[in-house]
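Spelled out from the first residue to the last, the chains are:
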Amino acid sequence: MLSDMSLRDKQDVSIVLCGQAGQGIQTVEFLLTRLLKLVGYNVFATKEYMSRVRGGMNSTTIRISSRPVRALVDRIDILVALDKGAVGHVEKRISADTVVLAEKQIIGDDFERVRDNFADVPFVKTAEDIGSKVYSNVVAVGVLAGLFGIDKRVTTDSVRKFFSAKAGDIVENNVKAADAGYKLGTDLAASDKVRFSIRPDADVKDQILLNGAEAVGLGAIAGGCNFIAAYPMSPSTGVLVFLAKHAKEFRLIAEQAEDEIAAINMALGAWYAGARAMVSTSGGGFALMTEGLSLAGMLESPVVIHLAQRPGPATGLPTRTEQGDLELALYAGHGEFPRIILAPGKIEDAFYLTQNAFNLADRYQVPVFVLTDQYFMDSYYNIPSLDTSHTKIEKHIVKTKKDYKRYELTENGISPRGIPAYGEGLVAVDSDEHDTQGHITEDLDLRTKMVDKRLHKAEGMASDAMPPELVGPQDYKTLIVGWGSTYNIINEAMQDLARDDVAFLHFRQVYPLPKETQDFLSKAERTVIIENNATSQFGKLIKLHTGIDIERKILKYNGLGFSVEEVTEELKGLLA
Amino acid sequence: MDSKVFDMGDIDMAWCPGCGNFPILKILKQVLAELEIEPTKLVVVSGIGQAAKIPHYFNTHCFDGLHGRALPPATAIKVANPGLTVIAESGDGDMYGEGGNHFLHTIRRNPDITNIVHNNMVYGLTKGQASPTSQLGFRTPVQVAGVFLEPFNPLAVAIALDASFVARAFAGDAEQTKEILKKAITHKGYALVDIFQPCVTFNKTNTYQWFKEHCYYLEDSYTPHDRTEGFKRATEKNKLPLGVFYINPNKKTFEENVGIYRDDDRPLYEREPDIEELRKLIESFKSEK
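What counts and how
Here the residue index of a chain counts from 1 through its sequence in written order. Going through the entries in the order they are written, you letter the chains from A and number the ligands from 1. Only residues with pLDDT of 70 or above have their local features reported here, since the model is predicted, and side-chain atom pairs are shown and tallied only from 80 upward, although totals for entire chains, interfaces and linings are computed over all residues. Water and hydrogen atoms play no part in the side-chain values, which are based on all heavy atoms of the structure. By definition in these notes, contact holds between two residues if any of their heavy atoms fall within 4.5 Å. We define buried area as the total accessible area lost by two parts upon association, computed with a 1.4 Å probe and summed across both. Salt bridges, as used here, are contacts in which a Lys or Arg side-chain nitrogen is within 4 Å of a carboxyl oxygen on Asp or Glu. For this analysis, a polar contact is any N or O atom pair within 3.5 Å, provided that within protein one partner can donate a hydrogen and the other can accept it, and provided that sequence-adjacent residues contribute only side-chain to side-chain pairs. Every helix listed is a DSSP run of H or I at least four residues long, and every strand listed is a run of E at least two residues long, numbered separately from the N terminus. Amino acid classes used here: Ala, Val, Leu, Ile, Met, Phe, Trp, Tyr, Cys and Pro are nonpolar; Asp, Glu, Lys and Arg are charged; the rest, including Gly, are polar. Note on pairing: DSSP must find at least two bridges between two strands before they are called paired. Per-residue confidence from the predictor is given as pLDDT, running between 0 and 100. We call a set of buried residues a nonpolar core when its members are Ala, Val, Leu, Ile, Met, Phe, Trp, Tyr or Cys and they connect through side-chain atoms within 4.5 Å of each other. With a 1.4 Å probe rolled over the protein chains alone, any residue whose accessible area is under 20% of its type maximum counts as buried; one over 50% counts as exposed, and the rest are partly exposed. Cavities and pockets are defined on a 1 Å grid built over the protein atoms alone: a cavity is a set of grid points where a 1.4 Å probe fits but cannot escape, while a pocket is an open set with protein on both sides within 12 Å along at least five of seven lines, and lining residues are those with an atom within 4 Å of any such point. Grid points are joined across faces, edges and corners, and a volume is the space filled by probe spheres set on the points. Under the pairing criterion, centres of Phe, Tyr and Trp rings, with the six-membered ring standing for Trp, must be within 6.5 Å; the plane angle then separates stacked pairs below 30 degrees from edge-to-face pairs above 60, leaving the rest tilted.

## Overview of the interface of chain B and chain A
The extent of an interface is frequently quoted as the accessible surface area lost upon association of the parts.
Right, so step 1: Taken together, the 52 residues of chain B in the interface contact 70 residues of chain A.
Right, so step 2: The contact between chain B and chain A buries some 5200 Å² in all, and 65% of this surface belongs to carbon and sulfur atoms.
Right, so step 3: Between R109 of chain B and E258 of chain A there is a salt bridge, with the nearest N and O atoms lying 2.9 Å from each other.
Right, so step 4: At the boundary of chain B and chain A, one finds 21 residue pairs in polar contact (both at pLDDT 80 or more).
Right, so step 5: Those elements that provide at least two residues to the side of chain B that touches chain A are β2 (61-64), α2 (71-80), α4 (100-109) and α10 (275-283) of chain B.
Right, so step 6: In terms of residue class, the side of chain B that touches chain A is built from 26 nonpolar, ten polar and 16 charged.
Right, so step 7: By the bridge criterion, three bridges tie strand β17 (residues 428-430) of chain A to β2 of chain B in an arrangement that is parallel. Bridged to D430 of chain A within β2 of chain B is D64 of chain B.

Dropping the structure here:
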């Protein structure tokens, strides 16, 4: 039975929906996060799922709060268990305070494990009464909408809109399911057994809600991307899908290549002809691109590479997360040539950094990585907006003269980049070592000059490197270091720790390493690095470039992202 | 136009005296001049190998990329600026071996490019190993007992994929090869021209004389519009036909299919993103999309 203390006074509720792949958990996540935001609740959602189309167990965590929430927590306040096995799947996260909403008959023996704080909600029976158990997920949408006091009309309208492409009776049955669920939810709310006190914020209503994949896609458009070639691979596919969906309105070419090798070679051809191109891939796919990356280095071609990391080696855990490919991005490609690696931490970063990646690539004629991961790709939260007023497309293309030389030796290593049929010159690029005109050469003195020229660009790139962000006191004694997708998690853990002698240094550009790095680190009495990998790849990079060895490491590599509690506990242990 | 506009003057060339690449280069320059294609409007994309050095030996925009990877950039260059004439040119090892997957899928994608393959049935630059088109029994330092892999048949594969233009020529016959190349370059859509070419250093079997004895031209009465017939002729083995085997003029090109040129023929480099439209798209994330 439910104890009526549940969730009372809570201003930050964590809901987990768990069921089999194919049960429509994603639909619940999609509809509910949007409905909650429309009411003015701050929301965060992230999912973990198995690499299969049916069966297995998937879960989505949705946080609803009076204040902005942007990170995964372990804690479950409300568990919606849609199938047998769901309770077991998230058992480590269930506490005595977790309220379980499930259908006793459906979850079977699992009931005994959660009986103390259980509300029997007939998700499946209600759906079956409407016509089929496939509507159970929308019953769940209705239940949670009712429970959180979302307007009934808004709820059913949104369900109707979501299913509008389906046949009429399917739309109506889903609306009925939402309606019936809504009643169950309001009853539950009225029973006074599940209560909370989250305050809606009028400002949130007008905010935007998007995930990492969408933010990278929007950033690409803002960067002037007009060509994406990619081969589908989790968790990077979202960017290709997003750009394909908007290809028509933004006049861009979104091509599914036959393999990743074709994808990057297409992108290089596109840049050569004056387009602004990107590829989107994950570790295994990027491994296939490495020869093409090296070609970009030799041709001095710009290219933007979105690399969404997942655990390897090889196929690894296809739908899970890791920060395990930093060294791959850093050292991929034979030969020596410069590159830039950006790693967004916030949703906003994904937009601004991806946008800037195109300008940086064009300015320095180098590959620029946007390094994300599954956790980042699949996490949503509301943010005020994305600013397009400063969007600037830097095109570094010159009109060629008759005597144009693509690889003219210059002081800063950057040769003005011409493209075919813009001007009177001929543009020759070559994967062989080449002369200033771009034609094959084995003049070894010239070879040295060309290597120096290519590497010389790194100086400008280093001075352009975006500084890390310091969160917390300037006069810190302990400095926590993180990069990329862990930003919000570590940030929230820092708030929970509430220590005035601890600060957090977040890197959204990991290479070239920002010049401020050394100073920030040497000011600290002790340093801790947090990485979602097994070997502290960023720690090694910092040591290589600053000589500073960050000895205390918090590393996680089981395929899941960090939770706020995990980081908080680990830090408490280290700082004790 | 005089074909001299393509001459680079006195340059150091890496081809052996008597190499079949020389006549192909000469023929190509003549064809381009006769078609009035300016060097500044022409991009030649190649891979790696002796044939792939061709864009370094005449005046053209040149993208000499990776081994086997000429077709993906050629496709992208054409779609990024459809006003360019794009030729993807390399040898048999490059196009059919290392780049085999791109060969298949470029045919499916059907960009309006010409794919010229110098087919000498041997690897030259790596010194004489078998290529995908080496004939059965061909002995090399690696295939010491003779080739036993079924030779790759590029024409039959292309016709099986309903390629929009499929032809074979012989470097030893300048006049006919010129005519075939002209048709290929002016054809709208992907056009394959496989050109038999002797390697005078590493292939002592498939010589000029051998090709003369083993090749013949498709009859004047042959019409290249029947896919089954084209496939049949492409699979002939004792005597090897030359000429245009198959044309499918009804295929939309990749550039047409991507849709961005329907009402705007500006190449991508002249375009700017629609920031107002982007602002609206960002706004749309306020409600469900």
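## Here's the deal with the confidence of the model for chain B
Right, so step 1: Residues of chain B with pLDDT of at least 70 account for 99%, and the chain-wide mean is 97.
Right, so step 2: Of the two predicted TM-score estimates for the complex, the pTM is 0.97 and the ipTM is 0.98.

## Some words on the nonpolar core
Right, so step 1: Counting 169 residues, the largest nonpolar core has L218, F227, M278, L479 and F538 of chain A as its most contacted members.
Right, so step 2: Once residues lying within four places of it in the same chain are set aside, the contact partners of L479 of chain A are L470, A503, F504, L505, F520, L521, A524, R526, T527 and V528 of chain A.

## Observations regarding empty space enclosed by the protein
All names here are of chain A.
Right, so step 1: Under the criterion given, the structure shown has two cavities of 30 Å³ or more.
Right, so step 2: Considering only enclosed or pocket space, the largest cavity measures out at about 90 Å³ in volume.
Right, so step 3: In this structure, the largest cavity is lined by 14 residues; those nearest its centre are Y272, S301, R406, R417 and V429.
Right, so step 4: At the level of elements, α13 (260-272) and β16 (417-423) are the ones that each hand at least two residues to the lining of the largest cavity.
Right, so step 5: Considered class by class, the residues forming the lining of the largest cavity number nine nonpolar, two polar and three charged.
Right, so step 6: In terms of lining residues, the second largest cavity is bounded by R70, G345, I347, Y375, F376, S379, Y381, S485 and N488.
Right, so step 7: Residue composition of the lining of the second largest cavity, grouped by class: four nonpolar, four polar and one charged.

## Concerning the packing of aromatic side chains
Right, so step 1: Considering all chains together, one arrives at 25 aromatic pairs over all chains under this definition.
Right, so step 2: Aromatic side chains Y41 of chain A and F148 of chain A sit 6.4 Å apart centroid to centroid with 75 degrees between the ring planes, which places their arrangement in the edge-to-face category. Of this pair, Y41 of chain A sits in the loop between α1 (25-39) and β2 (42-48) while F148 of chain A is found in the loop between α6 (136-147) and α7 (152-162), placing the two residues 107 residues apart along the sequence.
Right, so step 3: Residue classification places Y41 of chain A among the buried residues on the basis of a relative accessible area of 6%.
Right, so step 4: Their ring planes at 20 degrees and their centres at 4.4 Å tell us that F148 of chain A and F196 of chain A sit as a pair that is stacked. With a gap of 48 residues between them, F148 of chain A in the loop between α6 and α7 and F196 of chain A in the loop between α8 (168-190) and α9 (202-205) connect regions that are remote in the sequence. For the pair F148 of chain A and F196 of chain A, a shared accessibility class is recorded, and that class is buried.
Right, so step 5: An aromatic cluster is present here, built from F170, F196, Y208, W210 and F211 of chain B joined pairwise through their rings.

## So, unusual backbone geometry
Right, so step 1: In this model, G312 of chain A is joined to P313 of chain A through a cis peptide bond whose omega is -5 degrees.
Right, so step 2: Structurally, the position occupied by P313 of chain A is in the loop between β11 (303-309) and α15 (326-331).
Right, so step 3: Its identity is not glycine, yet A421 of chain A carries a phi of approximately 70 degrees, on the positive side.
Right, so step 4: Mapped onto the elements of the fold, A421 of chain A is located in strand β16.
Right, so step 5: Here K127 of chain B, not a glycine, exhibits a phi torsion of approximately 75 degrees, which is positive.
Right, so step 6: Along the chain, the position of K127 of chain B falls in the loop between β4 (114-119) and α5 (154-160).
Right, so step 7: Residue classification places K127 of chain B among the exposed residues on the basis of a relative accessible area of 57%.

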